[in-house]
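Per-entry structural report
Here's the letter readout for the chains.
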Amino acid sequence: MKVIIVGASKVGYALARHICEEGYDLVVIDREEACVDAITDAFDCNGFVGNGSSPELLKKAGIASATVLVAVTKDDETNILCCSVAKKLGVKRTIAAVRGPEYSEDKEFFSQNIGVDMLINPEKAAANEGNKMIRYAETVELEKFGDGNVHVATVEITKDSILAGVQMPQVHARLGAQILICAIDRGGKIFTPKGQHDVRPGDKITFAASDEEMDKALIQFNIIEKMLKKAVIVGGGKVGYYLVGILLRQGVGVTLIDRDAEKCRRILENYPNANVIQGDGTDSVLMEKELKHADACVACTGNDEENLIISMFAKSFGLDRIAAVIDNYNYEVMLKKSGINHIFSTQDVALIDVIKDARLLATAGKNENDGNVMKWLYTLNNGKIEAAEFEIGEDFALLNVPFKDKQFQLRQGVLIAVIMRGDEVIVPDGNSCIKVGDHVIVVSAEHGIARLSDIFAKGIKES
């Protein structure tokens, strides 16, 4: 499958990395030769310098044989135009990065009238990610499936953890909660645990559980979702703008700090209930005053160095719910070593829907109506682990076959974590089976899964 990316800035670069990792053919277009060179030098792909909305350049780039065009320049209108032109030239799927709040309610109009099949908003996605992160302390990531009935979480194990040194068969009894440990990250090496494995200090474990059992487990880990009353946001750009709105709608008091008077004015005009301060987020006196009664801090200034400094100051001040936008990998490692784990990249969090869409397109035509395609896709542990939800149709080949049957040989690094059957949440064992209408959660350290049949070691065919 061939993918064309228009726009080679940070988002385009991150998307190019993901697309090449997925094994697709890639062409990148940008007006800046240096940006194109940076991607073509780093990845196995072709590049063109010029206007991505030019029909002639798109033809030269091979639009006739492309399946997907993704426009992620810094200009919303340019992205919309690129997609519209590409659609008229016959590309199957178009995706545009559209960041302006004024476009957020117009998805159906763009799809039906202009030729933009999907809108992504990197800054809004980042704001949602930051909001999720500050709900819990820095030692946990949490995703919800099945309308919140099932959770998949990643928790870091400390030397004092209730599971430190515990072997797999004793996990349920020690924790007092029915969970399934799907993956262990031990020093960067990820594996699916077997009965002989144990949990060690320093491990990051990814596990699944029902809503009720997850609450029990997190309490045993001394991780409790505290009521969020006040949050300090440093950075009034688009990520900060969206995050202010999200938190205020949830009844959280918000203080927004930014040096730029125009950004402060815009936020105050749209969110008059926010406490907006024109100031420097690296000013220790100002930050100490504002953090004094805060429950959480999010650093999203657009400058990695400033976000690093702000996060480390908030940590030294005693906050345990801190999130930071960090694009530089070296800074990310530095912050993690300081004990700050809630780190996210604006470009990366916005790309999950694009990757999911590309996978489904890549497998289109292969049992196109099998009813077993991915419904939701999330990443955990900084993208190292994926959790996907599938809805089971009538054509799934292993319906009603017990998991202990030799046909259920899964790929390495893949685990069926939870089966949702109506209101029932099942943590599967060898006697479990999959039925029509089930929703199945698959956790994987192997990327590239688009259909449930992809998880099996030898592959299966839908009937």
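Our structure's up above, just so we're on the same page.
Residues numbered from 1 in each chain as written. Predicted model: local features only at pLDDT ≥ 70, side-chain atom pairs only at ≥ 80, totals over all residues. Heavy atoms only, no water.

Bringing the overall build of the chain into the picture now. Within the chain, the secondary structure is distributed over 15 helices and 22 strands. Over its C-alpha trace the chain gives a radius of gyration of 23 Å, about what one expects of a compact globule, namely 23 Å for 463 residues. Taking the principal axes of its C-alpha atoms as reference, the chain extends roughly 60 × 60 × 40 Å. In the chain, of all internal contacts separated by at least 6 residues, the share reaching a separation of at least 24 is 61%. (Helix = DSSP H or I, 4+ residues; strand = E, 2+ residues; numbered from the N terminus. Rg over C-alpha atoms; globule rule 2.2 N^0.38 Å. Contact = heavy atoms within 4.5 Å.)

Turning our eyes to something else, we now look at the pattern of salt bridges. Any two side chains of opposite charge can pair if their charged atoms end up close together. Taken as a whole and assessed by the stated rule, the structure comprises 21 salt bridges. The partner of Lys159 in a salt bridge is Asp160, with the nearest N and O atoms 3.6 Å apart. Exposure class is identical for Lys159 and Asp160. Each is exposed. With a shortest N-O distance of 2.7 Å, Arg186 and Asp203 are connected by a salt bridge. Residue Arg186 is found in strand S9 (residues 180-186), and its partner Asp203 is found in the loop between strand S10 (189-191) and strand S11 (204-210); the two are separated by 17 residues along the sequence. Asp203 gets classed as buried once you look at its relative accessible area, which sits at 1%. Look at the salt bridges and you will find they share partners, linking Arg186, Asp198, Arg200 and Asp203 into a network. (Salt bridge = Lys/Arg side-chain N within 4 Å of Asp/Glu carboxyl O. Buried < 20%, exposed > 50% of the residue type's maximum accessible area, 1.4 Å probe, protein only.)

Let's shift gears to the sheet that holds strand S13 (residues 253-258). Adjacent strands of a sheet pair through backbone hydrogen bonds, lying either parallel or antiparallel. One open sheet holds the 6 strands; their spatial order is S14-S13-S12-S15-S16-S17, and the pairing between them is parallel. Looking at which strands have only one partner, the edges of the open sheet turn out to be strand S14 (275-278) and strand S17 (343-344). Of the strands in this sheet, strand S12 (230-234), S13, S14 and strand S15 (296-299) touch helix H11 (residues 284-291), which is tilted by about 155° from S12. Those strands touched by helix H12 (residues 304-316) are S12, S15 and strand S16 (322-325), and its axis lies near 170° from that of S16. (Pairing = 2+ DSSP bridges. Axes fitted to C-alpha atoms, helices over the stretch in contact; angles between N-to-C directions.)

Counting buried residues in strand S5 (residues 93-97) gives 4 out of 5 residues, a clear majority hidden from the surface. Here strand S4 (residues 68-71) pairs with S5 via 4 bridges, running parallel. What sits directly across from Ala71, in S5, is Ala96. In this fold, S4 hands off to helix H4 (residues 76-88), which returns the chain to S5; that crossover is right-handed. Across 3 bridges, the pairing between S5 and strand S6 (residues 118-120) is parallel. Across the sheet, Ala96 pairs through a bridge with Leu119, a residue of S6. (Right-handed = clockwise from strand over helix to strand, strands pointing away.)

A separate point is the packing of helix H1 (residues 10-21) against helix H2 (residues 33-42). The geometry of H1 relative to H2 is characterised by a closest axis approach of 10 Å and an angle of 20° between their N-to-C directions. For the element pair H1 / H2, the angle class is roughly parallel. Pair H1 / H2 crosses with right-handed handedness. Residues Gly12, Tyr13 and Ala16 of H1 pack against Ala38, Ile39 and Ala42 of H2. Residues belonging to the contact of H1 with H2 are distributed by class as follows: 5 nonpolar, 1 polar and no charged. (Parallel < 35°, antiparallel > 145°, perpendicular 65-115°, else oblique. Left-handed = near helix turned anticlockwise from the far one by under 90°. Nonpolar A, V, L, I, M, F, W, Y, C, P; charged D, E, K, R; others polar.)

Across the sheet, 5 strands lie side by side as S7-S8-S11-S9-S10; this open sheet has antiparallel pairing. In the strand order of this sheet, the two ends are held by strand S7 (140-145) and S10, each with one partner. The average angle at which neighbouring strand axes cross in this sheet is 15°, direction not considered. Two elements, S7 and strand S8 (residues 150-156), share 6 bridges in a ladder whose sense is antiparallel. Across the sheet, Lys144 pairs through a bridge with His151, a residue of S8. Together, S7, S8 and S11 form the strand contacts of helix H8 (residues 211-220), whose direction differs from that of S11 by roughly 140°.

A general feature of soluble globular proteins is that nonpolar side chains tend to end up buried together. In terms of nonpolar packing, the biggest core is built from 28 residues, with Ile134, Ile233, Val244, Leu247 and Ile267 touching the most fellow members. When residues of this core are traced back to their parent elements, those giving at least two are helix H6 (122-133), S12, helix H9 (238-249), S13, helix H10 (261-270), S15 and S16. Sorting elements by how many residues they give to this core places H9 first, with 7 residues. In this structure, Ala8, Ala97, Leu351 and Ala358 belong to the second largest nonpolar core, which totals 27 residues. (Core = buried A, V, L, I, M, F, W, Y, C linked by side-chain atoms within 4.5 Å.)

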